Amino acid sequence: MEKPERLIDENGRRVDGRRFDELRPIKMEIGVLDKSDGSAYVEFGGTKVIAAVFGPREAHPRHLALPDRAILNCRYHMTSFSVEERKPLGMTRREVELSKVIREALETVTFLEEFPRASIDVYIEVIQADGGTRTTGLTAASLALADAGIPMADLIAAVAVGKVNGQLVLDLCDIEDKYGEADMPVAMAPRFNSIVLLQLNGRMTPDEFRRGLALAQKGISEIYKLQREALKKKFSSIPPTET
Amino acid sequence: MPIYFSEHEVVLPGQLLSDNGKRSGEGTYSIGGKVYAAQIGFASIKNNKVVVIPFKSAYKPSPGDRVIGIISDVKPNGFEVDLGGYLTGMIRIPDREEVVNMNLKVGDVVYVKIRESGLGGIIIDKRDRIRKIQSGLLIHIHPAKINRLIGRRGSMINMIKKLTGCEILVGKNGLIVINGPTPKHEFAAMKAIEMVENEAHTSGLTERVEKYLKELLEKG
């Protein structure tokens, strides 16, 4: 896609018609897969991600198991058909990096000490990429972990803010990410106002950074609310097993 | 203590449950003097503590649990027992001769009781008789459904045992051994257990399983 003339028009509308502080249409479904212990499917506009969790289960290879807690494995991967350009098969360096930062974010909220010598495996597959794949992936992974019954301190909600034509905007789409001036993914565990992931590509002044973070927090609290609604909806129809 | 949840409300990880940080039980955690939920489930108060009964959870061995395991290793100082999933228990027997006399081999199925579980690993009580299971059908269901299989004061499992005439050993870790008069009876017991596993969350299950069993046994 060629660079559009303007990413924000004179009425303050972005390329997809949104205002600067509007999220894309979001869809969340819990428990979409049968073979995993927990799963979730999340859409942020054109970005579609599925996450699956297995665990606690035996650590493979065994010698990597830790005596006092579980290890958390995370694989963020984009399918070959998720993007228009040719995407190499297997894991690129970018995917290795995002797997790591997502894993570190999930580790901060998961009570790994409950399962010594086990592993909790998180798989994130991006099936269509339109910007914000790591934040959508993290949002989905946190729902999948909760669905699997893994004890957690809080859910994680994430969104990317950016700068286009000098303006700070919430929930970047792919065009804005490619042709804008900055892209800042932010993930939080909102209960204690903790930031669990924070990255920045491009340039922002300290003031823009502060305002961008505040904008991200606003988006995150909306996303957190949608996560809670999606989880309640799935589990409200099933009473737990009686004792 | 002030609580922030109601009886049939689904609680989510991170949800504030109470202001009394000292009273946090299973499925919860406490920070800054307050108790929060750690899993999705129903919150309630048990023994003066706030607990969350999760909809889904992995099996966590507790002292006193009776479980079924498979001997996975014989060591000079005891036996290793595979309890399913990633869990391995240890039967510690310091006397080498006693280990030999017990006559347990790798692959033997045993019914044992857990004495301790924690960072030191899962220790199996050797004072309580370690029962070797010689024969039967070994099946596996999700540990979270075991309580429903047993039922209130054993109502469900006793009904299945009575109707099928089978001896059924239930391990809290999800492993079950069935020994019956004929393969038809054993199969019926297995199908009943499968039905409980699939419909554990529904009501009126005991009556429906009873009806299903009667139909199965009649048909032959």
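Residues numbered from 1 in each chain as written. Chains lettered and ligands numbered in written order. Predicted model: local features only at pLDDT ≥ 70, side-chain atom pairs only at ≥ 80, totals over all residues.

### Regarding the overall build of chain A
In step 1: Along its length, chain A carries four helices and 10 strands.
In step 2: Listing each helix as α and each strand as β along chain A from the N terminus yields β-β-β-β-α-β-α-β-β-α-β-β-β-α.
In step 3: Scaling as 2.2 N^0.38, a compact globule of 243 residues should have a C-alpha radius of gyration of about 18 Å, and chain A matches this with 18 Å.
In step 4: Along the first, second and third principal axes, the C-alpha atoms of chain A reach 60 × 40 × 35 Å.
In step 5: Among the 243 residues that make up chain A, the fraction classed as buried is 49%. (Helix = DSSP H or I, 4+ residues; strand = E, 2+ residues; numbered from the N terminus. Rg over C-alpha atoms; globule rule 2.2 N^0.38 Å. Buried ≥ 20, exposed ≤ 12 C-beta atoms within 10 Å, placed from the backbone.)

### A look at the environment of Asn193 of chain A
In step 1: Along the chain, Asn193 of chain A turns up in the loop between strand S8 (182-189) and strand S9 (194-198).
In step 2: When the C-alpha positions of Asn193 of chain A and Gln217 of chain A are compared, they lie 9.0 Å apart, and in sequence the two are 24 residues distant.

### What about helix H1 (residues 93-109) of chain A?
Residues and elements named next belong to chain A.
In step 1: Counted at 1.5 Å a residue, the expected span for H1 with its 17 residues is 24 Å, and the 25 Å between its end C-alpha atoms agrees.
In step 2: All buried positions along H1 are accounted for by Glu95, Leu98, Ser99, Ile102, Ala105, Leu106 and Val109. Axial view of H1: buried residues confined to an arc of 135°, hence all on one face. In H1, the exposed positions angled more than 90 degrees off the buried face are occupied by Arg93, Val96 and Lys100.
In step 3: Check the buried side of H1 and you find it contacts strand S4 (71-78), strand S5 (118-128), helix H2 (133-147), S8 and S9. (Expected span 1.5 Å × (residues − 1). Arc of directions from axis to C-beta. Contact = placed C-beta atoms within 7 Å.)

### A word on the pairing of strand S6 (residues 157-164) of chain A
Note on strand geometry: in a regular strand, side chains alternate between the two faces of the sheet.
All names here are of chain A.
In step 1: Of all eight residues making up S6, eight are buried, and the element is well covered by its neighbours.
In step 2: Burial along S6 is two-sided: Ala157, Val159, Val161 and Lys163 and Ala158, Ala160, Gly162 and Val164, pointing in opposite directions, are all buried.
In step 3: For S6 and S8, the ladder comprises seven bridges, and the chain directions are antiparallel. When the bridges of S8 are listed, Ala157 appears paired with Met188.
In step 4: Across four bridges, S6 lies against strand S7 (residues 167-170) in antiparallel orientation. (Pairing = 2+ DSSP bridges.)

### Side note on the nonpolar core
All names here are of chain A.
In step 1: The biggest cluster of nonpolar side chains holds 124 residues, and the ones touching the most others in it are Ala51, Val122, Ala140 and Ile156.
In step 2: With eight residues, helix H4 (residues 206-236) is the largest single contributor of residues to this core.
In step 3: Each residue touching Ala51, except ones within four places of it in the same chain, is listed here: Ser39, Ala40, Val122, Tyr123, Ile124, Gly137, Ala140, Ala141 and Ala144. (Core = buried A, V, L, I, M, F, W, Y, C linked by C-beta atoms within 7 Å.)

### Let's talk about helix H3 (residues 155-164) of chain B
All names here are of chain B.
In step 1: Within H3, burial applies to Met156, Ile157, Ile160 and Thr164. Burial along H3 is one-sided: seen end-on, the buried residues are contained in an arc of 95°. Away from the buried face of H3 by more than 90 degrees, exposed residues Ser155 and Lys162 are located.
In step 2: Close packing links the buried residues of H3 with helix H2 (146-150), strand S14 (167-170), helix H4 (183-198) and helix H5 (205-219).
In step 3: Positive phi appears at Gly165, one or two residues downstream of H3, with a value of about 70°.

### Quick notes on the interface of chain A and chain B
In step 1: Of the residues lining the interface, 30 residues belong to chain A; the matching set on chain B comes to 25 residues.
In step 2: Elements supplying a minimum of two residues to the side of chain A that touches chain B: strand S3 (47-58) and H4 of chain A.
In step 3: By residue number, the principal contributor to the side of chain A that touches chain B is H4 of chain A, which donates five residues.
In step 4: For the side of chain A that touches chain B, the per-class residue count stands at 17 nonpolar, four polar and nine charged. (Nonpolar A, V, L, I, M, F, W, Y, C, P; charged D, E, K, R; others polar.)

### Considering the domain arrangement of chain B
In step 1: On domain assignment, one finds that chain B holds domain 1 (10-54), domain 2 (66-133) and domain 3 (137-219).
In step 2: Using C-alpha coordinates to define each centre, domain 1 of chain B is positioned 33 Å away from domain 3 of chain B. (Domains from an automatic or database assignment.)

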